[in-house]
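# Analysis of the macromolecular model
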Amino acid sequence: MSEPATTDPAAPTAAQPQSQEDSPSKPTDLSASTVTVGASNLTVSGSRRSSVRKRRSSLFERARASFYRSRGQTGASVETLRGTTGADFEGYALVERCSAEEAFECNPFRCCCGHKDGMYFLLIKGYHCFVYVDEEGISPKFAVELSHRKAVVQPARDANHAAVHLESSLGDLEYKFTFSREHEDGKPDVEPASRAAAFAEAVSSAANAAQTEEVRTRLGHQNLLNKKSSVRYANAIGNAKAKEQPDAPVGMGEVLREMPLGTGL
């Protein structure tokens, strides 16, 4: 007598639906459409970024044209120099122009372009420190080039004041900036020492960047420089306004050197 036929439990029967893995795969355009959409998004995103860059560049070109047409009186406001990325440092300080021979006799009335109390609004962007009458200024009074310069924070004489000396690479004193609690424009929680440290750090960063660019340019690697339009604009304004810095005060040593020598009998 023949044995009854047995059914392999692993084999699918006609009544059992096949699993998704056993089902024949059908061609789908899902991955292709995903790639297409992704590429489309990248194209749109890239075109938008390009458009934004062109608008920003056009904005700074118009501001630069205004600056030169007005001979430096407009076109370089605090807001314009900030751009969309902001400045590296902003804040009020007493600005004093010094000479190497008068490290302890800096006089704000000789160096601050007629400003009554010597308080100015400082903004660091690119390779310069811009000196404005106030935060609403439409153009800086002058700019200080930061390449080959260093900021040295001085020991604080009290908790309400902090001073920073801006020196040349040879250590000659050129400017003295004093940050005061009472001149922080409604920000009593800002410690003058913190402002002084932030200012010194911004000066160091700007000086290093400027010197790096000088080396690359000297080596013929200008194509490696990729500065933002706002930084290029700030550097152009800074180069022009650096020519308007107040003269360093004449030191006693220089006066004596210019005096004619007495003749002996």
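Each remark here, short or long, concerns the structure printed above.
Only a predicted model underlies this, so the values are computations on that prediction, with no experimental measurement involved.

### Some remarks on the overall build of the chain
Scanning the chain from terminus to terminus reveals six helices and seven strands. Ordering the α and β elements of the chain from the N terminus gives α-α-β-α-β-β-β-β-β-β-α-α-α. Going through the 265 residues of the chain one by one, you find that 34% of them count as buried. Of the roughly 17000 Å² of accessible surface on the chain, a fraction of 53% belongs to carbon and sulfur atoms.

### Some thoughts on the side chain of S180
With respect to the secondary-structure elements, S180 resides in strand β7 (residues 173–180). The exposure class of S180 is buried, given its relative accessible area of 5%. Apart from residues no more than four positions distant in its own chain, S180 is found in contact with N160, H161 and P192.

### Quick look at the environment of P246
Residue position: P246 is located in the loop between α5 (229–241) and α6 (252–258). With 148 residues separating them in the primary sequence, P246 and C98 have C-alpha atoms 9.9 Å apart.

### Remarks on helix α4 (residues 192–218)
The end-to-end C-alpha distance of α4 is 39 Å, a good match for the 39 Å that 27 residues give at a rise of 1.5 Å each. Where α4 is concerned, the buried positions are P192, R195, A196, F199, A200, A202, V203, A206, A207, A210 and E213. Considering only its buried residues, α4 is in contact with β1 (89–97), β2 (119–125), β3 (128–132), β5 (149–153), β6 (161–168) and β7. Phi turns positive, to about 80°, at G220, one or two residues after α4.

### Focus on α5
For α5, spanning 13 residues, the distance from its first C-alpha to its last is 18 Å, which sits close to the expected 18 Å at 1.5 Å a residue. Those residues of α5 that sit buried are S229, S230, V231, Y233, A234, N235, A236, I237, G238 and K241.

### A few points about the packing of aromatic side chains
Within a pair of aromatic rings, the relevant descriptors are the distance that separates the centres and the angle that separates the planes. Applying the stated criterion across every chain, the model contains seven aromatic pairs. Ring geometry for F89 against F179: centres 5.9 Å apart, planes inclined by 80°, an arrangement best described as edge-to-face. Of this pair, F89 sits in strand β1 while F179 sits in strand β7, placing them 90 residues apart in sequence. Each of the two residues, F89 as well as F179, counts as buried. Arranged with centres 5.2 Å apart and planes meeting at 65°, the rings of Y92 and F121 form a pair that is edge-to-face. Note that Y92 is positioned in strand β1 and F121 in strand β2, a separation of 29 residues in sequence. A residue is classified by how much of its surface remains accessible, and Y92, at 17% relative accessible area, is buried. Here the aromatic cluster, defined as three or more aromatic residues joined through ring pairs, consists of F89, F142, Y175, F177, F179 and F199.

### Here we look at the environment of S230
Positionally, S230 belongs in helix α5. Taking C-alpha positions, S230 is 9.3 Å from G86, a pair spaced 144 residues apart along the chain. Only 3.5 Å separates the side chain of S230 from the side chain of K125, close enough to count as a polar contact.

### Quick look at the pattern of salt bridges
For the coordinates displayed, the defined rule picks out six salt bridges. One salt bridge in this structure joins E135 and R82, with 2.6 Å as the shortest N-O distance. A residue pair is termed long-range when its members are at least 10 positions apart, and E135 in the loop between β3 and β4 (142–145) and R82 in helix α2 (residues 78–82) qualify at 53 residues. When its relative accessible area of 27% is taken as the criterion, E135 is described as partly exposed. Judged by relative accessible area, R82 falls into the partly exposed class, the value being 23%. Look at the salt bridges and you will find they share partners, linking R82, E90 and E135 into a network.

### Topic: unusual backbone geometry
Unusually for a residue other than glycine, H148 sits at a positive phi of about 60°. Secondary-structure assignment places H148 in the loop between β4 and β5.

### Points about the sheet that holds β6
If you trace the seven strands from one edge of the open sheet to the other, you get β4-β3-β2-β1-β7-β6-β5, paired in antiparallel fashion. Each edge of the open sheet is held by one strand with a lone partner, namely β4 and β5. The mean inter-strand angle of the sheet, taken between neighbouring strand axes irrespective of direction, is 35°. When β1 meets β2, the two strands line up antiparallel, connected through six bridges. Residue pairing for β2: F89 is matched across the bridge by I124. Across the sheet, α5 is in contact with β2, β3 and β4; its angle to β3 comes to roughly 70°.

Calculation notes
Residues numbered from 1 in each chain as written. Predicted model: local features only at pLDDT ≥ 70, side-chain atom pairs only at ≥ 80, totals over all residues. Heavy atoms only, no water. Helix = DSSP H or I, 4+ residues; strand = E, 2+ residues; numbered from the N terminus. Buried < 20%, exposed > 50% of the residue type's maximum accessible area, 1.4 Å probe, protein only. Areas by Shrake-Rupley, 256 points an atom, 1.4 Å probe, with all protein chains shown as cover. Contact = heavy atoms within 4.5 Å. Expected span 1.5 Å × (residues − 1). Phe/Tyr/Trp six-rings, centres within 6.5 Å; stacked < 30°, edge-to-face > 60°. Polar contact = N/O pair within 3.5 Å; in protein donor to acceptor, adjacent residues only side chain to side chain. Salt bridge = Lys/Arg side-chain N within 4 Å of Asp/Glu carboxyl O. Pairing = 2+ DSSP bridges. Axes fitted to C-alpha atoms, helices over the stretch in contact; angles between N-to-C directions.

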